[in-house]
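This is what each chain is made of:
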Amino acid sequence: MKRIVFPLLSLFMIGCGNDPLPKPKGYLRLDYPEAKYQKTDIPLPFTFEQNKLSDPIRKVKSLGSTKGIEVKYPKLKATIYLNYKTVTSTNLDSLLRDAQNLTQKHTMKADEISQNLYENIEQNVFGMLYEVGGNAASQSQFYVSDSINHFLSGSLYFYAKPNYDSIYPASEYLKNDIKRIMESIEWIK
């Protein structure tokens, strides 16, 4: 009996020590490199500054009168899709309406959609940036135009099911790139 009691008593004495503490919650830390920009060299009637974190733009897709390019971010699993159209005397209203309607399609999943007006009178660039909150497919959309010859719209999409909490840091990082695209647009006549 002493052979059993002594080891059990020893275990109880050794095992009883400090009270157990729960582990603190761990949070995912996402650090993105500081954005460094370079001017694009694409065969379209505009240029802009592109983040060096993104892949170089390799080709321009043509769909009728629309020219499309993709600014891909493989490390962030995201793409900013840009579509360019030439403005005519009859299509500016429909281009603006289409860009606004595309954003409004996200209202079913979005918690909020905020609009930020953009104007650069010196460069003749006017537009709107839409920030979409919630589990919508696209977190940011925008359009810019000179109202006479050029119209460019863009949308940010991730290669994942939308989960706002998970993609928020990447979405904020890329929103700054979208703002830089809007601010650095230069129309080529």
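Residues numbered from 1 in each chain as written. Predicted model: local features only at pLDDT ≥ 70, side-chain atom pairs only at ≥ 80, totals over all residues. Heavy atoms only, no water.

So, the pairing of strand E8 (residues 125–134)
By the criterion of burial, E8 is predominantly enclosed, with 9 of the 10 residues buried. Here E8 pairs with strand E9 (residues 138–145) via 6 bridges, running antiparallel. Residue pairing for E9: Gly127 is matched across the bridge by Val144. The hairpin formed by E8 and E9 contains 3 residues between the paired strands. (Buried < 20%, exposed > 50% of the residue type's maximum accessible area, 1.4 Å probe, protein only. Helix = DSSP H or I, 4+ residues; strand = E, 2+ residues; numbered from the N terminus. Pairing = 2+ DSSP bridges.)

Regarding the nonpolar core
Core analysis: the largest hydrophobic core is formed by 30 residues, its most contacted members being Phe46, Phe48, Phe142, Leu152 and Ile185. Where this core is concerned, the elements lending two or more residues are strand E5 (66–73), strand E6 (78–86), E8, E9, strand E10 (150–158) and helix H3 (164–184). Judged by nonpolar contacts, the second largest core, of 7 residues, contains Ala99, Tyr130, Tyr143 and Phe151. (Core = buried A, V, L, I, M, F, W, Y, C linked by side-chain atoms within 4.5 Å.)

Concerning the environment of Ala136
Mapped onto the secondary structure, Ala136 falls in the loop between E8 and E9. In sequence terms Ala136 and Glu112 are 24 residues apart; their C-alpha atoms lie 9.8 Å from each other.

Remarks on H3
Since the α-helix packs 3.6 residues into each turn, any two residues three or four apart lie on the same face. Between the first and last C-alpha of H3 there are 28 Å, a value that for 21 residues agrees with the 30 Å anticipated at 1.5 Å per step. For H3, the principal kink sits at Ala170 and spans about 35 degrees. Looking at H3, one finds that the buried residues are Ile167, Ala170, Ser171, Tyr173, Leu174, Lys175, Asp177, Ile178, Ile181, Met182 and Ser184. (Expected span 1.5 Å × (residues − 1). Bend = angle between axes of the 7 residues up to and from the residue.)

Considering the environment of Pro56
As for its placement among the helices and strands, Pro56 is situated in the loop between strand E3 (49–51) and strand E4 (61–63). The class of Pro56 is exposed, set by a relative accessible area of 51%. With 16 residues separating them in the primary sequence, Pro56 and Lys72 have C-alpha atoms 8.0 Å apart.

Quick word on the packing of aromatic side chains
Scanning all chains against the criterion turns up 7 aromatic pairs. Plain terms: the ring middles of Phe46 and Trp187 are 6.4 Å apart, the flat faces sit at 75 degrees to each other, and that makes the pair edge-to-face. Residue Phe46 is found in strand E2 (residues 46–47), and its partner Trp187 is found in strand E11 (residues 186–187); the two are separated by 141 residues along the sequence. Side by side, Phe46 and Trp187 carry an identical accessibility label, which is buried. A ring pair is formed by Tyr143 and Phe151, whose centres lie 5.7 Å apart and whose planes are at 15 degrees; its orientation type is stacked. Neither residue differs from the other here; Tyr143 and Phe151 are each classed as buried. Following the ring pairs from residue to residue traces out a cluster consisting of Phe46, Phe48, Tyr84 and Trp187. (Phe/Tyr/Trp six-rings, centres within 6.5 Å; stacked < 30°, edge-to-face > 60°.)

A look at the pairing of E9
Within E9, 8 of the 8 residues are buried, which leaves the element mostly enclosed by the surrounding structure. As paired strands, E9 and E10 are joined by 6 bridges and run antiparallel to one another. Each residue of the ladder has a partner; that of Gln141, found in E10, is Ser155. Remark: 4 residues form the turn of the hairpin made by E9 and E10, two consecutive strands paired antiparallel; Ser147 in that turn has positive phi of roughly 70 degrees.

With respect to the pattern of salt bridges
Throughout the structure, instances matching the rule amount to 6 salt bridges. Glu186 is the salt-bridge partner of Lys39, the closest N and O atoms lying 3.3 Å from each other. Here Lys39 is found in strand E1 (residues 37–39), whereas its partner Glu186 is found in strand E11, with 147 residues between them in sequence. With relative accessibility at 51%, the residue Lys39 sits in the exposed group. In this structure, Lys72 and Glu70 form a salt bridge, with 3.4 Å as the shortest nitrogen-oxygen distance. Residue Lys72 is classed as partly exposed on the basis of its relative accessible area of 36%. With relative accessibility at 22%, the residue Glu70 sits in the partly exposed group. (Salt bridge = Lys/Arg side-chain N within 4 Å of Asp/Glu carboxyl O.)

Keep in mind these numbers describe shape, not what the thing actually does.
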